[in-house]
Amino acid sequence: MTDIGLPGNSENMALFFDTRAISYERHMQEAVEDFSLFYRGITEALPELGNAPRILDLGIGTGLELNHLFERFPGAKVTGIDLSSGMLAELVRKNPPWIGNLRLINDSFLDLDLGRQAYDAVISSMVLHHWTPRIKLEIYRRIHATLLPDGTFVNGDFIVPTDESARRLALFAASQIDERHQLHIDLPLSLDCELQLLTNAGFSAIVAPFRRSHAVILAASKSQRGKHNEPEQFDTPAAHLAP
Ligand SMILES: C[S@@+](CC[C@H](N)C(=O)[O-])C[C@H]1O[C@@H](n2cnc3c(N)ncnc32)[C@H](O)[C@@H]1O
């Protein structure tokens with residue numbers, strides 16, 4: 001995560017990732033605390049999904065989160081959306097064994113119709129920390145709507161303490177940049193705010209199977225029952241956080 005990146009140094013989102021696509025995975029290995037546990041954790045936060053689950057990946061990038069996903073769900077059908085053609089080209093260049101199970105869409109998930117009750121799971125990794133709580137709530141509501149009634153949303157992303165989040169949001173508000181921007185601006189929220197937004201979007205049985213100072217994986221169920229894996233199987237003691 002870079003600093004907030006406001007006027008003067010805020011780059012176009014697609015261009016930012018296009019120009020970094022080739023070195024992206026190396027960078028993430030250094031930048032993400034407990035990199036392997038984090039990326040494995042995205043998959044392990046999912047419940048049992050059957051033989052050929054339909055999964056939507058928002059901001060699929062070079063597909064880092066999919067290696068473990070296809071180990072666990074070899075028959076998964078993944079729709080991956082990404083704004084950066086460079087990141088998608090890098091994914092295709094790597095030619096992973098599961099590439100035939102992907103449908104790639106080079107567009108913004110802010111603009112696309114994600115559909116209704118179309119997916120068993122929605123995943124997103126290191127993507128959604130660029131928007132204000134208002135826009136994020138909109139995104140979470142659309143994710144909720146596109147999940148099947150028993151569906152699960154797994155979001156692994158940066159978090160910051162409440163005061164740091166407030167500082168960044170105040171700078172952003174002062175900049176008068178459109179809240180639905182497509183710029184590389186880092187606006188990570190606090191864990192409490194994330195939980196509130198997920199709850200307000202209609203999710204329940206929210207668990208955090210991976211939690212470090214600057215990153216968390218949150219798994220949230222659409223149904224009241226929830227059907228997550230037992231969080232104990234993860235590296236860190238999981239916190240049952242809400243409701
Ligand atoms: C830090 S990368 C994460 C990639 C991958 N999920 C991972 O964990 O390695 C963020 C990705 O989100 C994509 N992205 C950002 N905003 C987007 C938007 N509005 N629509 C689609 N993709 C977006 C970027 O192009 C980039 O590939």
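Figured I'd write up the structure that's included with this text. As the structure is a computational prediction, the values presented were derived from the model and not from experiment. (Residues numbered from 1 in each chain as written. Predicted model: local features only at pLDDT ≥ 70, side-chain atom pairs only at ≥ 80, totals over all residues. Heavy atoms only, no water.)

### Some words on the pairing of strand β4 (residues 119–125)
Two faces, one strand: in a regular strand the side chains alternate between the faces of the sheet. Counting buried positions along β4 gives 7 out of 7 residues, so the element sits mostly inside the fold. Pairing of strand β1 (residues 54–58) with β4, which is carried by 4 bridges, proceeds in the parallel orientation. Across the sheet, the residue bridging to L56 is V122, located in β4. In this sheet, strand β5 (residues 147–158) lies alongside β4 in parallel orientation, the contact comprising 6 bridges. Across the sheet, the residue bridging to S125 is G156, located in β5. (Buried < 20%, exposed > 50% of the residue type's maximum accessible area, 1.4 Å probe, protein only. Helix = DSSP H or I, 4+ residues; strand = E, 2+ residues; numbered from the N terminus. Pairing = 2+ DSSP bridges.)

### Concerning the pairing of strand β2 (residues 77–82)
The element β2 is extensively covered by neighbouring structure, given that 5 of its 6 residues are classed as buried. In terms of strand pairing, β1 meets β2 through 5 bridges, oriented parallel. Across the sheet, L58 pairs through a bridge with I81, a residue of β2. Traced from β1 through helix α4 (residues 66–72) to β2, the parallel crossover comes out right-handed. Bridge count for β2 against strand β3 (residues 102–106) is 5 bridges, and the pairing is parallel. Across the sheet, the residue bridging to G80 is L104, located in β3. In this region the chain leaves β2, passes through helix α5 (residues 85–94) and returns to the parallel neighbour β3; the handedness of that crossover is right-handed. (Right-handed = clockwise from strand over helix to strand, strands pointing away.)

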